[in-house]
Structures are given as C-alpha cells and as structure tokens.
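Notes for the structure review
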Protein chains: 2
Amino acid sequence: MVDAVVRPHTPAKSRHTPAGGAPTAPHTAAEAHEARIDQALVNDMLLGTWAATRREARELIKDPLFWRVDGMSMEEHRERALQAMHVLVDNNGSRRAFPEEYGGLGDNGANIAGFEEVVLADPSIQIKSGVQWGLFGSAIYQLGTKPHHDAWLRDVISLALPGAFAMTEIGHGSDVAAIGTTATYDADAEEFVINTPFRAATKEFLGNAGLHGRAATVFAQLITGGVNYGVHCFFVPIRDESGADLPGITTEDDGVKGGLNGIDNGRITFDHVRIPRTNLLNRYGDVAADGSYSSDIPSPGRRFFTMLGALVQGRVSLDGASTTASALALTIAITYANQRRQFDSGAGTPEVVLLDYARHQRRLLPRLAQTYAQAFAHDELLRTFDGVFSGRTDTPDERENLETLAAALKPLSTWHALDTIQESREACGGAGFIAENRFVGLHQDLDIYVTFEGDNNILLQLVGKRLLSDYAKQFKGKDAAALARFAVGQTAGKVFHGAGLRQLGQAVGDLGSTARSVERGLRADQQHELLAGRVQQMVADIAARLRPASKLSPAEAAAVFNENQSELIEAARAHGELLQWEAFTDAITSVTDPGTREVLTWLRDLFGLSLVEKHLAWHLINGRLSTQRAAAVSSYIDRLLTRLRPHAQDLVDAWGFEPEHVRAPIATGAETARQEEARAYYAALAASGEAPVSEKSLKKH
Amino acid sequence: MVDAVVRPHTPAKSRHTPAGGAPTAPHTAAEAHEARIDQALVNDMLLGTWAATRREARELIKDPLFWRVDGMSMEEHRERALQAMHVLVDNNGSRRAFPEEYGGLGDNGANIAGFEEVVLADPSIQIKSGVQWGLFGSAIYQLGTKPHHDAWLRDVISLALPGAFAMTEIGHGSDVAAIGTTATYDADAEEFVINTPFRAATKEFLGNAGLHGRAATVFAQLITGGVNYGVHCFFVPIRDESGADLPGITTEDDGVKGGLNGIDNGRITFDHVRIPRTNLLNRYGDVAADGSYSSDIPSPGRRFFTMLGALVQGRVSLDGASTTASALALTIAITYANQRRQFDSGAGTPEVVLLDYARHQRRLLPRLAQTYAQAFAHDELLRTFDGVFSGRTDTPDERENLETLAAALKPLSTWHALDTIQESREACGGAGFIAENRFVGLHQDLDIYVTFEGDNNILLQLVGKRLLSDYAKQFKGKDAAALARFAVGQTAGKVFHGAGLRQLGQAVGDLGSTARSVERGLRADQQHELLAGRVQQMVADIAARLRPASKLSPAEAAAVFNENQSELIEAARAHGELLQWEAFTDAITSVTDPGTREVLTWLRDLFGLSLVEKHLAWHLINGRLSTQRAAAVSSYIDRLLTRLRPHAQDLVDAWGFEPEHVRAPIATGAETARQEEARAYYAALAASGEAPVSEKSLKKH
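Just so it is clear, the model here is predicted, and its values are computed rather than measured. (Residues numbered from 1 in each chain as written. Chains lettered and ligands numbered in written order. Predicted model: local features only at pLDDT ≥ 70, side-chain atom pairs only at ≥ 80, totals over all residues. Heavy atoms only, no water.)

Some remarks on the pattern of salt bridges
All names here are of chain A.
- Counting across every chain of the model gives 88 salt bridges over all chains.
- Between arginine 199 and glutamate 252 there is a salt bridge, with its nearest N and O atoms 3.4 Å apart. Taken together, the residues span a long stretch of sequence, with arginine 199 in the loop between β3 (191-195) and β4 (203-206) and glutamate 252 in strand β7 (residues 249-253) at a distance of 53 residues.
- The class for arginine 199 is partly exposed, based on a relative accessible area of 34%.
- When its relative accessible area of 28% is taken as the criterion, glutamate 252 is described as partly exposed.
- Counted as one network, the salt bridges with shared partners bring together Arg199, Glu204, Glu252, Asp254 and Arg267. (Salt bridge = Lys/Arg side-chain N within 4 Å of Asp/Glu carboxyl O. Helix = DSSP H or I, 4+ residues; strand = E, 2+ residues; numbered from the N terminus. Buried < 20%, exposed > 50% of the residue type's maximum accessible area, 1.4 Å probe, protein only.)

Written out as structure tokens, the structure is:
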C-alpha cells in the first residue's frame, strides 16, 4: 500500500514504454517460446472420456436461468433452483443415470460428467440435482428392486416426485451405523413403523426436506422379531400434494446456510409412521410377510458397506465439480493477473503486470498444476465408476477399489477448491470480494463439499486403514522372522511394492522424457520415487507402531491407534497425491504434439516438485533427499514458474470456459480497456503541453 | 462415513460406561491435573490494557440490535447497521478517539479496543464504524487543522455527517501514490477542482459511498501553478440532504459482496467538482490563496508516508478484531468438540468425545495457541499506537516502528482468522455450515480483512524491506572487507543482533522456567534461538543475493529483487511470528499463579514448536536442527497436545465470552442434553426387557 514513491504523472511515452529494460518476462507463449500447447487438444484431455456430455451441459447452462444470482433471498433462490431442475428434466439432464425402461439413458459416467459442469452455473442446482437424482433416486434404484423402480423411478426422473435422502441424524453424521431411527416390523399389519425415538435421532441437513420433498429414502435400524438387523433404507412419503406434512411427520427448515441457499435443507422426525412392508428397499435385505429376515449377504458388516457403497457417486461427482470450480477460479484470477498492473518496478518501465511478480506466480501456478492433475485423476476415477456401475467390471474388489479411490481423491480436490478459490479471490484484491466476480459465491457454496458425502478427515482415515490392511496382507503366511526383519530394516520398498494401492491407470508410462523435465532438477522418475517412497515408508512406520497393539487391551489398542491417527491421515493424503501425480504423468504419455507435451511436462514437474517441497522436512528426516538437493527444490520450482508464466493464459483458456460460464467482469478485458483509456489520457495531456511537472523534478533544478 | 461396524443397540450400561478401559484422556482440568489456569487472571491478561473499555463494549453489544441477522437482505442489513451506529453514538462509542473540545474522550487505545469487540456482534458494524470514525473522521482530525475540526468533527462524532474515505481507485489500490484523481487549484476562484480524468481513476469500494455518505475525504494529486505536489486529502461534499448526488458527483453502488453487506460500498466519480481552497486538509501541506504551496515536510516522499501513516489505526484494529473473532470461533468449536461424541473406540467404551481424537486436537489446539500469542502481541501493538497518538512517544522513529509493527502483525492475524474460522467450521461438520452457528458469517465478513487496509502480501513486503534496511544500516561506515567477510561467512547472528527489529516489549523475560517447558523437548531459549535465528539468516541471505543489484541496470536490479520477493515476504512473516512468540513469552513472565504459569507455558511451547514444525525443512537445510531433533519436534507437539487437552475448555472460557456474544446453538450444551436424552431412552428400553438383540449376537449362538 505505501510501497511506492511519489511519482509525477510524466508523459505516457516515458512512463509506459520500456526504457532500456525489458519487461520482467514474456506474457504470452507467442512472445516466449516455440513450445506452445495445442489448446483444442488439451481441452479434449481435460474434458476427458465424457467430453461430449460436458459440452452439451455447458451449452445448456448458457441460459441465464441457471446462473446464481447474488443477493437473492433464500426463498427466491430455492424456487429458482427448482425451476432450473425442471429445465434440466426437459433437456435430458435427469435421465442419464437411470435405465432405459424408465425413460433413462443408462449412461452412468455421462450422468456424473454432465452434473459436474452445472457447478459453473450455480452449485445449488448441482447439489439439489444430486439430492434428487444422485441420492434419493439412486437409493430407490440401487437399493430397491423392480416394484420400487416401477412405482417411483419415472416420477423421480420427471421431478413429479421430489424427494429427500434421510441418512444423517443430528446425533450421527459420519457414523451412519449408529443412527437412532427405528423401522420396526409389525407382522399383523404387514407394516414397518418408522420412529424417531429421541431428538438426536432427528434426520438433519437433508436437501429437499425443508420445502420441496414429497417423500424420503429413510435409513433406519431394521427391527423384526426382536432382532436389529442393522441399517436399511425405506421409502417414506412425507408431504401431501399441498405440501403439508403427512400424519406423524414433522419437518423443520434448517434456515440460512453458509452457501447453497438454493437448497431447502431441513429436518424430519417420525412419530410411529406406518409404511407398507414393501416400502423396504430390499435389494440387499428383505423381510417376509411373517417377519422373517433374509439377505444374500450374510455378514451384517459387509451388507452395510455394500448398501453405502452403492451411493458412492456423490463423492465421485464432488471430486469432478471441485476440480471444475478450481479451474474457473484460476481462469478468472490468471486472466486478471495478466491484465492488471500495479507498481512500477523502479526501472522506468510501465507498471508491472501482476503475473510478472514472482510471488503472484507462486500463488497461482502451482494451484493450476494441481488442478490439471485432478482433472486427469478424476477422469480415471469416473471410468472406474462407470465400469462398476455399468456392470462391466462390477466385482467386489473393483467396488472396494472404487470406494477407496473416491475416498482418497474427494478430500484432496474439495480442499483444493476452497484453497484455490480463496487464493484467487485474494489475488484479485477488493475486486475479488465483489460477488459479481464469482469467487466469494463459489467459496460459500463449495465450503460444505469438504464435510458432506463423507467428512474429508474420516474419508482419509478410511483410506489409511485400507493402506494398512493392504500392507498387512503382505505378511500373511510369512514367518515371524521375516516380519521382524522387515520391521527392523524399514526397507519396505520391495515387500510393499506389489500391494501398493495403485488404482489409477495400469502403470506409469515412461515417466516422461528426461530431456523434457527440469534440467538438473528432479526428473520424473525421481519425483515418483520420492512420492511413492513416502507413502510406503509412512504406512510401514505406522504399521510397525501399531503392531504391538494386537497384544494390548482394546482400550490400550485404541489409544495406540489414536496416537497414530494424524499420521495415518497424512499417509492417506500422500497416497492421494501420488495417484494424482501418476494420472497427470499417464495423461502426458498419450500426447504426441511436442509443444503440448513439453509445456504439460513442465506443469507436471511443477506439481511434483511442489509436493516434494511441501513435504521437504519428511524427505530430509527420512534420508530421501540430501540437504543440498533439498535446498535446490525451491529454485527448481522458481525456474519452472518462469518457464510456465507465458503459458499461463493458454493453460487456463484450454479449459474452454465461455463468457456465459465465467461471467466475472474482471476477467472480460475491462481492466485492459481502462488502462488504455488512462494511457491515452496521459498521452493527450503530454501532447497538449499542459501536463503538470512533478514537485521532485522541480527541486532538481 | 462408512468407518464403522454395525453395532447392536446394546443397553446403555455396557455401551456408555467405560468397560475396563479409561476414556482416552481427561476432559477437564479438574480430572487431570493440579495445574489449572486462574480464568479470571487469564481473562484480565487477554483483555489487556484497555480491559475496562472492552468489558463496557461487550456489555453494550448484548443488545440484539447489534447482532448480525443471517439471511437479511443487503438493504435491510445496511439500515440496521446504520441504526446500530446511532446507538453506539448514544453510548459514547464514537467519542473515544476525538479530542475533548469536540465532545471526544481523547483516549486512542480505548477507542480501538472498544471497536474491536464489536466484531462479536456484527463485523459490518465494526467496519462501517471504522469507515466513519476511523477513516473519514480520522482523516479530518489527523490530516486537517483547527478550522476543519471546528467545522465537521462534532457532526462526524454524532453521525449527523456520515462520510466516505475516498482513497482507493479502480486502477490503483495498493499503489496509492499512482492514483489518477486530480485536485487542480484555481487561484482566481480560490477553489480546487476535483476531477476523475478516466474510468480507472474512479474511487472504488468505499464504505458509505453507496448510500449513506454525505461527504468524502478524497485523496487526489494536488496540482497548483503547473506543479503536481503529490497525493493530498480534500473534504468534498457528495450528497445533499435528500441523499441525491451533488452536481458533478456520480455515485454507484458496488452491490453484493462476499460479506460485510451491512456496509454500502460504492464508487464515486468527480466531474470538475469545485470546493473551497480551505477544504484541503492542510496539516502536512497547504496552498495559499495565490496558489503557492508550502509544507513543513520538504521531502515529497516523507510527506506522503506521514499522511498515510496518520491512518494506521485501521490496520491496528484489524489485528485485534481478527484475534477476537478467532477466539470466538475456537470457543464454539472447542465447546462443541468437548460435548459431541462420534464413533466408539472399539474398546467397549462410550462413543468418543471429538476432542479426544488426536487429529481433532491437532486441528484446534495449535490455533488456540496462536490466538493467545496474537492477543498478547496485539496489546503491545495497541500500547505502541496509544503512545504515538497520545503524543507521549510521538517521534518519527516510533511512528515508523508502529507502522512496521502493524504491517507485520495484521497480515498474520487476519490470515489466521480465516484459517481458524474455516477449520472450526469443518470441525463441526454440517452443523458448522448452518449460519446460526456463526462460522460461515464470520468467514464471509472477515474475508476482506486480508486484503483491505493494505494487502497482506504487500504489507509483509514492506516489513521485509524494513528488515533489509535495518540490516544494511549495520554496515554503514564499516569497511568493505568486513562486509565481504560477513557475506561469505553467513554468521549473521552477532552482527545483526543489535538491529533486529524487536519492537514488542523490551526484552524477552527469563524465557520461562526450564522445568515448566517440555521436558526433553525444545526449551524456550531454544525456541527463541530457532525463531530469531531464522529471521536473521533469511534477511542476511536475501541481502547477500541483492547486493550485486547495486551494480546492475534498474531493470536487471528489479529482476533480481523479483527473484527474491517470495522469500522476502517469508522472512517478514518469520519476523511477525517471532514478535508474537516473544509477546506470549513476555506475558507469561508476569504471571505468578503457578497453575496459570504452567499451562500457559505449555501453550506457548505449543505455539513455538508448531512454528518450528511448520518451517522444519528450513531448520534442517540450514543446519539449525539435526535430523534426530527435527524428527522429535512432532512428538513433542503430540505430548503437549495431550497435556493441554484437559485445559482446552478453560482456555477458551478465559476469553470471557457470554451467551450473547457466542450465540451459536451448538455451543450451548444442547448437544449434551440430546445425548443424555438418547442414553436415557436406551437405558429405559433395556430396563423394559424389550430391547432388540443384534443380528450379530444372534449369529454367535
């Protein structure tokens, strides 16, 4: 703010033309390099397997009806979101996930891809759609059977039957197994009695429950014949045609939230509400008329996880939507940073373009690199999802892998979105705080992505447990001596390698050409060794510390686990970062265009080295990097930033957002126009001979 | 989310009572330790020098009129904020900063302290008050002279004259010296002509400009006799009694912002608006009737900085308000984390209280430690401010020190607030996203604190330059050999020590007793050595890299500086962290109560070691910590977390927030009441003999 000298308004010629010195760096690829990305090619890569659906969705949401209106009241926003969903219905938006016999299109991957793009218009519409078709509709489709499909799916798709997904309770969010709502079977009436036995068991934070929902898929403890068979899902009508609560149902409105106020979140309590026996969504467990329970999955634990796993698509779609939102924020911030000037460099040159400042590059470009990595990792996740849900690769192993992948990627990308949107908003100063420039609305709406559909910390802990369990499998049947030798030696690499949870792609390609990586820096294979080695070592270390727990009392073992909780979560994060890095690297191997390949390799290197820098202390302490090499990591990054700077605009433009998607006035070129107007003013003033001289120049005489 | 096994609803006795195992950790100081803080004493320490004013302000804002109403329209919120300001006026809230002859109280420190507390009620009121009395009123008072005070100060204080502070322009925010608005003196008319020569020179983002302001203090290039004397401030009426723009004035509304929507931010353009010559606020520079310019400060640069420095109070107050807001967020999150239970530990014990999870402790307690450090550092900043503005210590050196201190502390505390509010919101899951629980509103409102009143990165760069200049002063008059010896040897410690920008307090006390610090950990003196050594080394390293720049062309020198920009900002941040650590340590030395001293020393250690952990790679690369000691830092932190966990509630309660300040339903004890209701239900069910058995227990038979 006060980082300036008093400068005269000298004529434009001398102030705004380089006086002997070059500008800090080239601003465009054209100025800088022969290497340049092929934007159309990169756009295809970023849009991925379901590019056509994404383009179709982007075309549809050019209609201003879909755009978030800042400052709109909660009530208006809710009606607007509902109205937009009807337009989605009219344009096939709701049909993709459902089978053809009910008017669906049976294309799971496309369904997710299409909805993810809606985040560009208004995240409330994305998430309200997710509630209706991804949760409420999916529960009926995935957990129900033909009679349920016949009865409700058409109305779900057409929005004739808006519904809520009633899983979370006030008292239990992440710990679904412990919910308190009961569904007790009454064999005489052939009915289930749905009941909320105490306030903590109230269903809470449910989209569509505040206002629009007519029914809900309700998760409750299934009790029949005096036995609790655990959590099952039931179809329960909640409101009549006039919108009034049905007998025994009490709904309440959650009121204003931090964002997503186009969604009517609310609470539901059930006071001994009776539903027909056949309203149990009985794909994985059923109750006969006489009250006897049956299931194809004998293990209660596995049955529970199977039911929950059928609903993984929420997490998958948050990973993609967060990545798209991050790309949008960076598009706005980098476009502005390439136009906006502030302070001269003291070298007599024009005021410096923001993106020429080293600090500004540090703030934005590594986040762009991660956003690219996420896009590639997400497409692989989406293909895995589509494989399982289309039935092509629907095995228990693949389902488990899919769930673990989603649990590893969703936390990283949703946190990245908040971080990136915030940094972008700050990088645009006061203008970034004005709602019309998009950042603040995106941050408000995406805030909840980090804790819903699975709290990020809990998801990472789940991944960490999977890593530990994969690790432990290595030792099955091996003798204790080998185990002990391992635990002492800590040379986990080879033992672990086979089991490494490497789900994305098959194998990392050729790791990029050495020549195209940073000279004298850390080449791709070295980046991979550092990133993968860290995951392996962390898991091995934690496993070694947990091993004595098997000999402890349950309470003591719990305490030992708790002592390692934070590091286990960090190991899971490291695993997710590795997956993203590998996906980026795999994506590059398919590129034949030399300019694209070169620039994307720099960007991948920036991502990899930023990860190494972030965890530099770990690599030093564990002897993976010498002090000297560690000290060089930051300067490698600086060098990459200088290289990538002229390509920054190309790299955000490659996302292909159109003006109707961006909408932010600061990213329209208005800033450049204003600067040109100011320059013209000063030039005319100078030409007129009436320009004031500066006090300072006066004193020199 | 799926991190659970299916559990039967076994009777309360066996589920909710420790079965052989102890709970993970004591939950209260009473359970855990003889050591316990004296809450009243710590409350006095936290409220600091102007505790009485803070308590008075807190009492006043218990009136719900002051509370932020979530979901209120922008229009209503603006009227409400204005109304609240009138109530402040009626309760002396606006008088503290102004001299007694105009109805003021002449108490600068108290003024800031009082306003900071208003953040608890509604940050819009805090900032709108800051605009009216801290910026608009302050400009008249600090930059004007007696005729200006006589004419306007009473109406400023009474809010009869609401005003805007028109410094920032669309084209120039941080670089105030380059603004485009002109104030050209017309000697014939004895008037200044205020003009906006092009769109980029439009005054932008001004509070009170959108709607309520009747006048503005306008910063413009003062031109008289064909000479530009640089930026000066002018009093310019902008609206008539009916609220219509005066001739030549065009105001526009900035519309919806990310937060602070109780403030009517807007734009102003001037089309050759004429004001009397005497409307120049002429304390530091004046124009006589004949157009001749005079100033007590001959250097244009020093004059500019003196005028800007007179307005430092905005930064000072943001430091304090951000700290208070962080404390509020942690009070809510820690209170909830001490009640909320989720997942059992697998040890047959009751579900685990969130704050017993190691991860949860890691998320919240280090942030609490930093918030304490900030409170102590802020009180020292406020005393420095009061000394200068009361005239007691008003020397150029002290003014410069004050500005540098504010520039070092404001960035750290405003970023900390956003980080802490966000982590707290996430730590409360979905409930944290509901507006009534406060986090989301606080984040929205405080978002802009990191870029207004000086962008955080630019402020830190300013501090970095001051560090470099202090450093360079060491070498004045020394011979070149000594300089070269230094540059080679890098043993900066001794050479630099005398000049270290150590502004808070006088000297760090006895650094706490070794016995009270972490055994086998890093004692206070070692923490200090690491933190201070890092600042010194970073500055010395950057200075060494910049030294050749004196022999380069301006453009090349600018490029070298740019290469070091990011690290210079990091050095300034390290300096701010050191100041906070030292303030915390100084505060402890005054404590005689043994329990308080012990617990606060742990908390200070947690702050210090968290800083060391954050910069661990630097300490390793620079040989300040051996690999072995570095590896131990995290486990020292874990040990401190275990120690502090039972004191967490005491430590947030010591801030002394009352229910009218906290307001969040999740921090009221409602969660505990719901759990007790649920437990009672399960107990009654078990006693009735009608509790269902679990499927799992069935299979065992």
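Moving on from the coordinates now.
A few points about the relation of the copies chain A and chain B
- In screw terms, the move from chain A to chain B is a rotation of 180° and a rise of 0.0 Å along the axis, fitting with an RMSD of 0.0 Å. With respect to symmetry, the two chain copies, as superposed, fit the operation of a two-fold axis. Taking C-alpha positions as the reference, the residue of chain A nearest the rotation axis is alanine 617 of chain A, at 2.1 Å.
- Same-surface contact between copies: 100% of interface residues of chain A are shared with the interface of chain B. (Least-squares fit on C-alpha atoms with pLDDT ≥ 70 in both. Contact = heavy atoms within 4.5 Å.)

A word on the nonpolar core
- Counting 362 residues, the largest nonpolar core has Leu143 and Tyr372 of chain A together with Leu143 and Tyr372 of chain B as the members making the most contacts within it.
- Residue contacts for leucine 143 of chain A: discarding those within four places in its chain leaves Ser138, Phe219, Cys233, Leu281, Asn282, Arg283, Tyr284, Met307, Ala310 and Leu311 of chain A. (Core = buried A, V, L, I, M, F, W, Y, C linked by side-chain atoms within 4.5 Å.)

Here's the deal with unusual backbone geometry
Residue and element names in this part refer to chain A.
- The phi torsion at glutamate 190 lies on the positive side, around 55°, for a residue other than glycine.
- Looking at the secondary structure, you find glutamate 190 in the loop between β2 (182-186) and β3.
- For glutamate 190, a relative accessible area of 38% puts it in the partly exposed group.
- The backbone phi angle of asparagine 208 is positive, close to 75°, even though this residue is not glycine.
- In this fold, asparagine 208 is placed in the loop between β4 and β5 (215-224).
- The exposure class assigned to asparagine 208 is buried, which follows from its relative accessible area of 2%.

Some details on the side chain of lysine 257 of chain B
- Here lysine 257 of chain B lies in the loop between β7 (249-253) and β8 (266-270).
- The buried charged residue lysine 257 of chain B lacks any salt bridge, with aspartate 253 of chain B as its nearest oppositely charged partner at 6.9 Å.
- A polar side-chain atom of lysine 257 of chain B sits 2.9 Å from the main-chain carbonyl oxygen of isoleucine 263 of chain B.
- Among the polar contacts listed, one links the side chain of lysine 257 of chain B to the side chain of asparagine 265 of chain B, at a separation of 3.0 Å.
- The residues touching lysine 257 of chain B, leaving out its near neighbours within four places in the chain, are Phe433, Ile434, Ala435 and Val440 of chain A together with Ile263 and Asn265 of chain B. (Lys, Arg positive; Asp, Glu negative; His and termini not counted. Polar contact = N/O pair within 3.5 Å; in protein donor to acceptor, adjacent residues only side chain to side chain.)

Topic: the packing of aromatic side chains
Residues and elements named next belong to chain A.
- Evaluation of the coordinates by the stated rule reveals 38 aromatic pairs over all chains.
- For the pair phenylalanine 115 and tryptophan 133, a centre-to-centre distance of 5.9 Å together with 25° between the ring planes defines the contact as stacked. Placement of the pair is phenylalanine 115 in helix α6 (residues 108-117) and tryptophan 133 in helix α7 (residues 123-143), with a sequence separation of 18 residues. With respect to burial, phenylalanine 115 and tryptophan 133 carry one shared label: buried.
- What links up through ring pairs into an aromatic cluster is the set Tyr372, Phe376, Phe584, Trp655 and Phe657.
- Taking NZ or CZ as reference, arginine 399 lies 5.0 Å from the ring centre of phenylalanine 389, over its face. (Phe/Tyr/Trp six-rings, centres within 6.5 Å; stacked < 30°, edge-to-face > 60°. Lys NZ or Arg CZ within 6 Å of the ring centre and 35° of its normal.)

Overview of the sheet that holds β7 of chain A
All names here are of chain A.
- Across the sheet, which stays open at both edges, the three strands sit in the order β4-β8-β7 with antiparallel pairing between neighbours. If you trace the sheet from one side to the other, it starts and ends with β4 and β7, each paired once. Averaged over all neighbouring strand pairs, the angle between strand axes comes to 20°, with direction disregarded.
- Examined bridge by bridge, β4 and strand β8 (residues 266-270) share two bridges and lie antiparallel to one another. Directly across from lysine 203, in β8, lies its bridge partner isoleucine 268. (Pairing = 2+ DSSP bridges. Axes fitted to C-alpha atoms, helices over the stretch in contact; angles between N-to-C directions.)

As for the packing of helix α3 (residues 39-47) of chain A against helix α11 (residues 358-389) of chain A
Residue and element names in this part refer to chain A.
- Close contact between α3 and α11 brings their axes to 8 Å; oriented N to C, the two are set at 60°. Here α11 runs oblique to α3, going by the angle between their axes. The residues of α11 that touch α3, namely those facing Val42, Met45 and Leu46, are Tyr372, Ala375 and Phe376.
- Of the residues in the contact of α3 with α11, the class split is six nonpolar, no polar and no charged. (Parallel < 35°, antiparallel > 145°, perpendicular 65-115°, else oblique. Nonpolar A, V, L, I, M, F, W, Y, C, P; charged D, E, K, R; others polar.)

Side note on the pairing of β8 of chain B
Residue and element names in this part refer to chain B.
- Judged by how many residues are buried, β8 sits mostly within the fold: five of five residues are covered.
- With burial as the criterion, each face of β8 is covered, one bearing Gly266, Ile268 and Phe270 and the other bearing Arg267 and Thr269.
- Pairing analysis gives five bridges linking β7 to β8, with the strands arranged antiparallel. Along β8, the bridge assignment pairs threonine 251 with isoleucine 268.

Comments concerning the domain arrangement of chain A
Residues and elements named next belong to chain A.
- What the domain assignment reports for chain A is domain 1 (46-158), domain 2 (164-300) and domain 3 (313-653).
- Each of domain 1 and domain 2 has a C-alpha centre, and these two points are 23 Å apart.
- On the domain 2 side, the residues contacting the 23 residues of domain 1 number 28 residues.
- For the pair domain 1 and domain 2, the summed buried surface comes to about 2200 Å²; carbon and sulfur atoms form 65% of the total.
- When the buried area of domain 1 at its contact with domain 2 is split by residue, Arg78, Phe136 and Leu143 rank highest and sum to 30% of it.
- Remark: the boundary between domain 1 and domain 2 carries two salt bridges.
- Close ionic contact of lysine 128 with aspartate 264 constitutes a salt bridge, the shortest N to O distance being 2.7 Å.
- At the junction of domain 1 and domain 2, the tally comes to 13 residue pairs in polar contact (both at pLDDT 80 or more). (Domains from an automatic or database assignment. Buried area = accessible area lost by both parts, 1.4 Å probe.)

Quick look at the sheet that holds β7 of chain B
Residue and element names in this part refer to chain B.
- Spatially, three strands are ordered β4-β8-β7 in an open sheet, and the strand pairing comes out antiparallel. Each of the sheet's edge strands pairs with one partner strand only, and the pair in question is β4 (203-206) and β7. The average angle at which neighbouring strand axes cross in this sheet is 20°, direction not considered.

Concerning the interface of chain A and chain B
- On the side of chain B, 118 residues touch chain A, which itself brings 118 residues to the contact.
- Across the chain A/chain B interface, buried area totals approximately 10100 Å², and carbon plus sulfur atoms make up 60% of it.
- Residue arginine 359 of chain A pairs with glutamate 570 of chain B through a salt bridge whose shortest N-O separation is 3.1 Å.
- Joining chain A to chain B, the criterion identifies 53 residue pairs in polar contact (both at pLDDT 80 or more).

Describing the UniProt feature "domain: Acyl-CoA dehydrogenase/oxidase N-terminal" (unreviewed entry) in chain A
- Under the present numbering, the feature "domain: Acyl-CoA dehydrogenase/oxidase N-terminal" (unreviewed entry) in UniProt falls on residues 53-158 of chain A.
- From the first C-alpha to the last, residues 53-158 of chain A spans 20 Å; its make-up is 65% helix and 0% strand. (UniProt positions renumbered as here; feature names shortened; annotations may be inferred.)

Observations regarding the packing of helix α7 (residues 123-143) of chain B against helix α8 (residues 146-158) of chain B
All names here are of chain B.
- Running from N to C, α7 and α8 cross one another at 170°; their axes reach a closest spacing of 9 Å. Taken together, α7 and α8 sit at an angle that is classed as roughly antiparallel. Along its contact with α7, which presents Gln132, Trp133, Phe136, Gly137, Ile140 and Tyr141, the element α8 presents His148, His149, Trp152, Leu153, Val156 and Ile157.
- Residue classes in the contact of α7 with α8 are distributed as eight nonpolar, four polar and no charged.

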